[in-house]
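What the coordinates show
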Amino acid sequence: MSVTRFPVSTTFDALGDDYYRDPAREFEKVRGDAPVFWYPYLNAWVVTGKEDCEYVLSDWQKFSSAGKGQTIEVPEEFQHIVSRELISTLLVGSDPPGHTAHRAVAGRGFVKPRMDALAPVIEARAHRILDKIGHLGAANIVEAYCLELTTQTFCSLIDVPDEDEEWLRVLRDDMFHVLSSALEPLKEPLRTEVWDRYTTAQLRLRAYVEERIQNPGDDLISLMTSITDRDGNMVLSVEEIALHIAEFAGAATDTTAQAMANAIIFLSQNEGALAEAIADPELWPRVFDETVRRRPSGTATRWVREDVTLSGVDIKAGDVVWLALASANTDESYYENPFDFDIHREQVGDHLAFTKGRHTCLGQPLARVQGSVGLKVLFERLPSLRPEADFPIDFLRMALLPIRRSLPVTWDPADATR
């Protein structure tokens, strides 16, 4: 017997063009009447207000992340490579104490001083990419620049050859499919295709981990293998390190690339902000921050461990809540003129784009450095760059993690020679 959930929005559609065009605007349409509502497609409650989202993110004992790792179903034919126990140790799909131990190891590679030191390297890499495309006058900026920059940086972080860039891009998409499958089941033949590529990539990453154990360097993989317990044993296994590197292949590349593409769109609609940032490079971190406030690159889900009430709605233990970060970041009860793109906003940084609490994004320091530097170099070199009029809504269509595939832009080729 089916159970009816209330309240239910009959208009919200996380797979529609309007949602992909501007998620926050779609949440705004329902937030006033239903700040928490049941969304049958994901079989989950959607939480839209900033206060409610902060409450959920701050209490891991009531709202568990482990449900994600436990709900991802590894097809039986691939469990000899990636077991159910292994997939449950994903950083985004686990709770303390396991999550704490794994995060402590992985976090060593993303500390702010280490990421800040990458700024000149990222800047030089950005210039090299633009040297190759500047004369063209047009490009899909997502692939040609945003992902090119973030993926090259990630290759450098884990010290793998340039020829690995292509399969890491594929791994990025497959990782997001795997994560989303906790609530959005994959259909055949995509399910088998994704898991075949994903498990093959895991084996390839494990070979890199084994190699770094024997020949350590200064890269992220070597750093993770060097963390040992009191007996001198590695805290994380080879398989666990490879699993987390695959997580980072998505989180450290696509989310920042998506934010850079979104910034290009917002700046094209706010020419004054663009002119200010070009004139004063110190403003680029604010541009990046306001971009991810206005349109975060991700969402968050939690599994409810005990009966709770959010905005007057009773939610039962075992239910799932989807935290609409784009909605929380444009909550009019907290932000003044929340849909304005304001790079001088007083609450700069006070948003949930990188979530909050124990699952605050590990790669946040890298994202902030790479996003601001990447945008600064792009518009210093190509100040006339703008999206094409009526650019297509081209996304990898997932409700939880929509990924923009293209953003066609044009610029004056003469920019490249100035």
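Below, the structure is looked at part by part. (Residues numbered from 1 in each chain as written. Predicted model: local features only at pLDDT ≥ 70, side-chain atom pairs only at ≥ 80, totals over all residues. Heavy atoms only, no water.)

Pairs can form between side chains of opposite charge once their charged atoms are near each other. Throughout the structure, instances matching the rule amount to 29 salt bridges. A salt bridge links R172 to D254, with the nearest nitrogen and oxygen atoms 3.9 Å apart. Of this pair, R172 sits in helix α10 (residues 165-180) while D254 sits in helix α14 (residues 254-269), placing them 82 residues apart in sequence. Of the charged contacts, one joins R405 and D173 as a salt bridge, the two residues approaching to 2.9 Å between their closest N and O atoms. Separated by 232 residues along the polypeptide, R405 in the loop between β11 (403-404) and β12 (408-410) and D173 in helix α10 bring together distant segments of the chain. Judged by its relative accessible area of 25%, R405 is partly exposed. Among the ionic contacts, a cluster of salt bridges with common partners joins K50, E54, D350 and K356. (Salt bridge = Lys/Arg side-chain N within 4 Å of Asp/Glu carboxyl O. Helix = DSSP H or I, 4+ residues; strand = E, 2+ residues; numbered from the N terminus. Buried < 20%, exposed > 50% of the residue type's maximum accessible area, 1.4 Å probe, protein only.)

Between helix α16 (residues 284-294) and helix α18 (residues 364-381), whose axes approach to 8 Å, the crossing angle comes to 115°. Relative to α18, α16 is oriented roughly perpendicular. Handedness of the crossing formed by α16 with α18: right-handed. Residues W284, P285, V287, F288 and D289 of α16 lie in contact with α18, whose contacting residues are A367, R368, G371, S372, L375, K376 and F379. (Axes fitted to C-alpha atoms, helices over the stretch in contact; angles between N-to-C directions. Parallel < 35°, antiparallel > 145°, perpendicular 65-115°, else oblique. Left-handed = near helix turned anticlockwise from the far one by under 90°. Contact = heavy atoms within 4.5 Å.)

The 5 strands are arranged β1-β2-β8-β5-β3 in an open sheet whose pairing can be described as mixed. Bordering the open sheet on either side are β1 (36-39) and β3 (63-64), each of which pairs with just one other strand. Of the pairings in the sheet, the one linking strand β2 (residues 44-47) to strand β8 (residues 320-323) comprises 3 bridges and is parallel in character. Residue pairing for β8: V46 is matched across the bridge by W322. Strands β1, β2, β3, β5 (300-304) and β8 of the sheet are contacted by helix α3 (residues 50-58), whose axis makes an angle of about 120° with β8. (Pairing = 2+ DSSP bridges.)

Judged by nonpolar contacts, the single largest core of 121 residues is most densely connected at I87, Y145, W195, Y198, I245, F248 and W322. For this core, the element with the highest residue contribution is helix α9 (residues 141-158), accounting for 10 residues. Those residues in contact with I87 that lie beyond four places of it in its chain are G69, I72, V74, V82, V178, W195, Y198 and L243. Listed in part, the 19 residues of the second largest apolar core include C53, L57, L323 and L325. (Core = buried A, V, L, I, M, F, W, Y, C linked by side-chain atoms within 4.5 Å.)

Burial along β8 is two-sided: the residues V320 and W322 and V321 and L323 are all buried. By the bridge criterion, 4 bridges tie β5 to β8 in an arrangement that is antiparallel. Bridging across to β8, A300 finds its partner in L323.

Right, let's get into the state of the cysteines. Counting across every chain of the model gives 0 disulfides. Of the cysteine sulfurs around C53, a residue in no disulfide, the closest is that of C361, at 17 Å. Residue C53 is classed as buried on the basis of its relative accessible area of 0%. (Disulfide = S-S within 2.5 Å.)

A few words now on the sheet that holds strand β9 (residues 386-387). An order of β4-β12-β9 is seen for the 3 strands of this open sheet, with the pairing classed as antiparallel. Two strands bound the open sheet, and with one partner strand each, they are β4 (138-140) and β9. For β4 and β12, the ladder comprises 3 bridges, and the chain directions are antiparallel. Bridged to A138 within β12 is T410.

A few words on unusual backbone geometry. Geometrically, the link from P96 to P97 is a cis peptide bond, its omega value of 5° lying close to zero. Note that P97 resides in the loop between α5 (84-87) and α6 (98-107). Of note, the amide linkage connecting E188 to P189 takes the cis form, showing an omega dihedral of 5°. Structurally, P189 is set in the loop between α10 and α11 (190-214). Here the phi dihedral of N43 falls at roughly 55°; this positive angle occurs in a residue that is not glycine. Relative to the helices and strands, N43 resides in the loop between β1 and β2.

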